[in-house]
Amino acid sequence: MTTIDETHLEAYMGRVMSHMTGSALCFGIWLGEELGLYRAMSGSTPMSADEVAHTTACHPRLVREWLDGQTAGGLIEYDPTADTYELSPEGAMALADDESPVFVARGMNALRAFYLDLDEVATAFRGDGALSWGDHHPCLFSGIEWFFRTGYQAMLTTEWIPALDGVHDQLVEGARVADVGCGHGASAVIIADAHPRSHVHGFDFHPPSIETARARAEEAGVADRTTFEVADATSYEGPFDLICFFDCLHDLGDPVGAARHARTQLTPGGTVLLVEPYAMDGRPTNLAQNPVAALLYNGSTVACTPNSLSQEVGLGLGAQAGEARLRQVFEEAGYHHFRRAAETPLNLVLEARV
Ligand SMILES: C[S@@+](CC[C@H](N)C(=O)[O-])C[C@H]1O[C@@H](n2cnc3c(N)ncnc32)[C@H](O)[C@@H]1O
């Protein structure tokens, strides 16, 4: 008969309850972002629940309940004497200011898609593993856009591109750039905005994402130096001085084919910038030591791996491949130079050359 270790059980249940709490708070964050509740509190002196409700035109009783949930979760501070709530400046950076380098609130849309798409993902598990990117609820696309955009906005042109050999100067002088698997175009817009003499061509196989990318470029005033086209990662035409894959190589059915195609579309001496979700080499190390592994493996289970399995080759690299495995992909595709140029807690930034 199995013996239950009560201490172990208590610790285990503590972990499960904390995951449930996190999940419920993610809903609260997403709701607060949608309703403008954080923005209403950002930079303000402490507010009563009625003031927050009035400013956002929301129901006072529901706002009070939301505020208490946020306070219990440590996201908002409560003053019991004055019966007021306050969002700290740090909280405002994370949850209210979409230009801040740590903004995460809108990324909760991706988690919403995880839950909404459970039936489709379960069908993939019971079948051939395939679920194409475009068959998810559309909030996945904006959730992913905002989950990664924060890091791109903070570091892409100021740290990652300067860490590549000679690329910053090329872009300043005027270069042709490809952003493969560009999604809603966050990275393409950021590169174009910072380098007025360069032209960024975004490619994605998902037509609605390309439509949104064009709109984002218009809004940002860079439509004249960006072009967005529906194209598979193995079919666009260059040549390009810089070809980028932002958090998408592992989503592809044929990452080796995509890297090989990029090689044929590079100008002589051209560079591939590969940005992938952060992972450590070796499954046991990654599982034990990577703080973002649980989040990223789960995202990979819902979206990345099923998309890869839905396409030709169906390699199923997964979002936690790690540098050594990614190096193999590029070596197999005929590249002789591959190095880590930078990293963040969320991303590996890799440089490949022929
Ligand atoms: C995780 S999203 C990343 C989007 C964007 N690069 C970003 O960082 O926000 C992966 C993207 O790869 C695109 N994609 C998947 N398979 C593709 C393929 N075979 N060819 C081109 N794009 C593809 C999806 O449509 C999606 O926009």
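**What to know about the overall build of the chain**
So, step 1. Assigned secondary structure in the chain consists of 15 helices and 9 strands.
So, step 2. Taken over C-alpha atoms, the radius of gyration comes to 22 Å for the chain, in line with the 20 Å a tight globule of 354 residues would show.
So, step 3. Overall, the C-alpha framework of the chain stretches about 70 × 65 × 35 Å when taken along its three principal axes.
So, step 4. Taken across its 354 residues, the chain has 45% of its residues classed as buried.
So, step 5. Of the contacts made within the chain by residues no fewer than 6 positions apart, 67% connect residues no fewer than 24 positions apart.

**What about unusual backbone geometry?**
So, step 1. Residue P239 is bonded to the preceding G238 through a cis peptide linkage, with omega at 10°.
So, step 2. Looking at the element boundaries, P239 is found in the loop between β5 (226–230) and β6 (240–246).
So, step 3. Phi at D83 takes a positive value of approximately 55°, unusual for a residue other than glycine.
So, step 4. Turning to its location among the elements, D83 is positioned in the loop between β1 (77–79) and β2 (84–86).
So, step 5. Backbone geometry at V313 places phi at a positive 80°, although glycine is not the residue there.
So, step 6. Judged by the 15 C-beta atoms lying within 10 Å of it, V313 is partly exposed.

**A short note on the site of the ligand**
So, step 1. As a matter of local geometry, the ligand sits amid 22 residues, with G181, G183, H206, A233 and C248 nearest to it.
So, step 2. Put simply, the parts of the chain that give the shell around the ligand at least two residues each are α8 (139–160) and α10 (186–194).
So, step 3. In terms of residue class, the shell around the ligand is built from 10 nonpolar, 7 polar and 5 charged.

**What to know about helix α14 (residues 293–309)**
So, step 1. In this model, α14 (17 residues) spans only 21 Å end to end at C-alpha, well below the 24 Å of a helix rising 1.5 Å per residue.
So, step 2. Considering bend angle alone, the principal kink of α14 is centred on S300 and spans about 55°.
So, step 3. Those residues of α14 that fall on the buried side of the exposure criterion are A293, L296, G299, S300, V302, A303, C304, T305, P306, N307 and S308.
So, step 4. Buried-residue contacts for α14 involve α6 (108–116), α7 (118–126), α8, β7 (266–277) and α13 (283–289).

**Quick look at the domain arrangement of the chain**
So, step 1. Here the domain parsing of the chain yields domain 1 (6–94) and domain 2 (148–353).
So, step 2. Distance between the C-alpha centres of domain 1 and domain 2: 35 Å.

**What about the nonpolar core?**
So, step 1. In terms of nonpolar packing, the biggest core is built from 98 residues, with V52, V180, I243, C244 and L274 touching the most fellow members.
So, step 2. Tallying contributions element by element places α8 first for this core, with 10 residues.
So, step 3. Split by domain, the residues of this core number at least three in each of domain 1 (6–94) and domain 2 (148–353).
So, step 4. The residues touching V52, leaving out its near neighbours within four places in the chain, are L37, A40, M41, M47, V63, L67 and Y85.

**Regarding the packing of helix α3 (residues 49–56) against helix α4 (residues 60–72)**
So, step 1. Two elements in contact, α3 and α4, have axes separated by 8 Å at closest approach and are oriented at 120°. Classed by the angle they form, the pair α3 and α4 counts as oblique. The crossing of α3 and α4 is right-handed. Residues A49, D50, V52 and A53 of α3 form the contact with α4, whose participating residues are P60, V63, R64 and L67.
So, step 2. Of the residues that constitute the contact of α3 with α4, the class distribution is 6 nonpolar, no polar and 2 charged.

**So, α3**
Owing to its 3.6 residues per turn, the α-helix brings residues three or four apart onto one side.
So, step 1. All of the buried residues along α3 are A49, V52 and A53. Down the axis of α3, the buried side of the element spans an arc of 100°, and every buried residue falls inside it.
So, step 2. Against the buried residues of α3 lie α2 (37–41), α4 and β2.
So, step 3. Positive backbone phi, at 55°, marks A57, one or two positions downstream of α3.

**As for the sheet that holds strand β3 (residues 176–180)**
So, step 1. Pairing is mixed across the open sheet formed by 7 strands, whose spatial order is β5-β4-β3-β6-β7-β9-β8. Sheet topology places β5 and β8 (337–343) at the edges, where each strand pairs with a single neighbour. Here the strands of the sheet are splayed against their neighbours by 20° on average, with no regard to which way each runs.
So, step 2. In this structure, strand β4 (residues 199–204) lies alongside β5, joined through 5 bridges in parallel fashion. Paired with G202 across the strands is F228, a residue of β5.
So, step 3. Most of the contacts of helix α12 (residues 255–265) go to β7, to which it runs at about 150°, and overall it touches β3, β6 and β7.

Rules behind the numbers
- Residues numbered from 1 in each chain as written.
- Predicted model: local features only at pLDDT ≥ 70, side-chain atom pairs only at ≥ 80, totals over all residues.
- Helix = DSSP H or I, 4+ residues; strand = E, 2+ residues; numbered from the N terminus.
- Rg over C-alpha atoms; globule rule 2.2 N^0.38 Å.
- Buried ≥ 20, exposed ≤ 12 C-beta atoms within 10 Å, placed from the backbone.
- Contact = placed C-beta atoms within 7 Å.
- Near = placed C-beta within 6 Å.
- Nonpolar A, V, L, I, M, F, W, Y, C, P; charged D, E, K, R; others polar.
- Expected span 1.5 Å × (residues − 1).
- Bend = angle between axes of the 7 residues up to and from the residue.
- Domains from an automatic or database assignment.
- Core = buried A, V, L, I, M, F, W, Y, C linked by C-beta atoms within 7 Å.
- Axes fitted to C-alpha atoms, helices over the stretch in contact; angles between N-to-C directions.
- Parallel < 35°, antiparallel > 145°, perpendicular 65-115°, else oblique.
- Left-handed = near helix turned anticlockwise from the far one by under 90°.
- Arc of directions from axis to C-beta.
- Pairing = 2+ DSSP bridges.

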